[in-house]
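# Summary of the model geometry
Below are the chains, spelled out letter by letter.
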Amino acid sequence: MKRVRSKGKEYLYFDTGKVVDGKRLMTRLPALRADGFGGSYAALMGHRNRKVKSALMTVPVLVDLYQRSVAYSTLKPASKKLYDIYLRRLEKALPTAPVTGITKGDMRTLLDRMGATPGAANAFLRTSGALFAWAVDRDHMPKNPCDGIARMTGGEHEPWPTAVLRAGLAAEDDAVRLLVNLLYYTAQRLGDVLKMQWSDVADDRVEVVQDKTKKPLSIPIHSALKAELASRRRGEGQICLTGHGKPMRDDNARKILKAFSAAAGAPSVPHGLRKNAVIALLEAGCSVAQTAAVSGQSLSMVEWYARRRNQSTLADAAMEAWESKS
């Protein structure tokens, strides 16, 4: 507060902390003993302190606010789980720096350290960008430091090598064989496969409501998958169980499949089998729309996966179709 005397009178001014045209912005206060002095001073002080608090907000505080927000609450469970992983990583990397001071250079440095895992780096960039975009919209920071940073090349989930896929479909390990058959012949995500119950299988079809898209699907059961299911004891609950008869969890299923593929010489993730399935459908002559009807993906995503089709296989099919018309 600043006191100014003019013509024998005292005037009080509050320093707002703002600078306009190089000058401190001062706000006139009522007289010290006036009824409105206390309220005016408290309001101005509160406003100034809020500005300081916002400027000093750290990443952990920002993450906590975001996870309490409507924007976060409307995310799908799978998206929340993924976001949480990379929000924790961001907190650990920048635990004390004010969010207003985070620069594009800071984010590029963090991403460069993840160069060996481009898929994880891209997920980290996507999650951080969503957090900062939310923060900018609420005036917690002036701009999004992730804007303009390109995604790393690579990092996609690779399809399983043909030899490893075949080994998985015929594996001696019952858990591996069931998981690989379900993932490959339904073209679904691991979470949706693990939720499948015996009651979802009827009339040579399996009914699925995708967790991520909430899209209901009715998928014809491939003869190979039908044979695999027929070799199992049909129960009342989930199809995929542990050796103790408990519903198999996502982390356990991933560990099983990663260990099997690594032992086979090509460490692979479960989602790669979805890409195997999409490519197999396309190479079998299915249209993009037909393939999407099985996988439940968008047409554009199926077309993206289509890049991995085998040129030689497609050429053989094309020539066979051409000759059949001659």
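The structure we're discussing is the one just above.
## Some details on the overall build of the protein chain
- Of the regular secondary structure elements, the protein chain holds 15 helices and 6 strands.
- Its C-alpha atoms give the protein chain principal-axis dimensions of roughly 105 × 50 × 35 Å.
- Residues counted as buried form 34% of the 326 residues belonging to the protein chain.
- Intrachain contacts of the protein chain at a sequence separation of at least 6 include 58% that bridge at least 24 residues.
- Accessible surface computed for the protein chain: about 19200 Å², of which carbon and sulfur atoms make up 54%.
- Taking the 51 positively charged and 32 negatively charged side chains of the protein chain as two groups, their mean positions are separated by 12 Å.

## Topic: the sheet that holds strand 6 (residues 216-220)
- A sheet is described by the order of its strands in space; here 3 strands give the open sequence 4-5-6, paired in antiparallel fashion. Both outer strands of the open sheet, strand 4 (201-202) and strand 6, are each paired with one neighbouring strand and no more.
- As defined by bridge partners, strand 5 (residues 205-209) adjoins strand 6 across 5 bridges and the pair is classed as antiparallel. Directly across from Val206, in strand 6, lies its bridge partner Ile219.

## Comments concerning the pairing of strand 1 (residues 2-6)
- With 5 bridges connecting them, strand 1 and strand 2 (residues 9-20) associate as antiparallel partners. When the bridges of strand 2 are listed, Arg3 appears paired with Leu12.
- What sits between the antiparallel neighbours strand 1 and strand 2 is a turn of 2 residues, in which Lys7 has the positive phi angle 55°.

## What to know about the sheet that holds strand 2
- Spatially, the 3 strands line up as an open sheet ordered 1-2-3, and their pairing is antiparallel. Edge positions in the open sheet fall to strand 1 and strand 3 (23-29), since each of these has one partner strand only. When the angles between neighbouring strand axes are averaged without regard to direction, this sheet yields 45°.

## A short note on the packing of aromatic side chains
- Taken as a whole, this structure holds 3 aromatic pairs when the rule is applied.
- Consider the rings of Tyr66 and Tyr72, whose centres lie 5.7 Å apart with planes at 70°: the pair is edge-to-face. Tyr72 shares its class with Tyr66; the two are buried.
- Each ring, one from Tyr66 and one from Trp134, has its centre 5.5 Å from the other, and the planes form 65°; the classification is edge-to-face. Of the two residues, Tyr66 sits in helix 2 (residues 59-67) while Trp134 sits in helix 6 (residues 118-137), which places them 68 residues apart along the sequence. The pair Tyr66 / Trp134 is uniform in exposure class, with both members buried.
- An aromatic cluster is defined as three or more aromatic residues linked by ring pairs; in this entry it consists of Tyr66, Tyr72 and Trp134.

What counts and how
Residues numbered from 1 in each chain as written. Predicted model: local features only at pLDDT ≥ 70, side-chain atom pairs only at ≥ 80, totals over all residues. Heavy atoms only, no water. Helix = DSSP H or I, 4+ residues; strand = E, 2+ residues; numbered from the N terminus. Buried < 20%, exposed > 50% of the residue type's maximum accessible area, 1.4 Å probe, protein only. Contact = heavy atoms within 4.5 Å. Areas by Shrake-Rupley, 256 points an atom, 1.4 Å probe, with all protein chains shown as cover. Lys, Arg positive; Asp, Glu negative; His and termini not counted. Charge placed at Lys NZ, Arg CZ, Asp CG, Glu CD. Pairing = 2+ DSSP bridges. Axes fitted to C-alpha atoms, helices over the stretch in contact; angles between N-to-C directions. Phe/Tyr/Trp six-rings, centres within 6.5 Å; stacked < 30°, edge-to-face > 60°.

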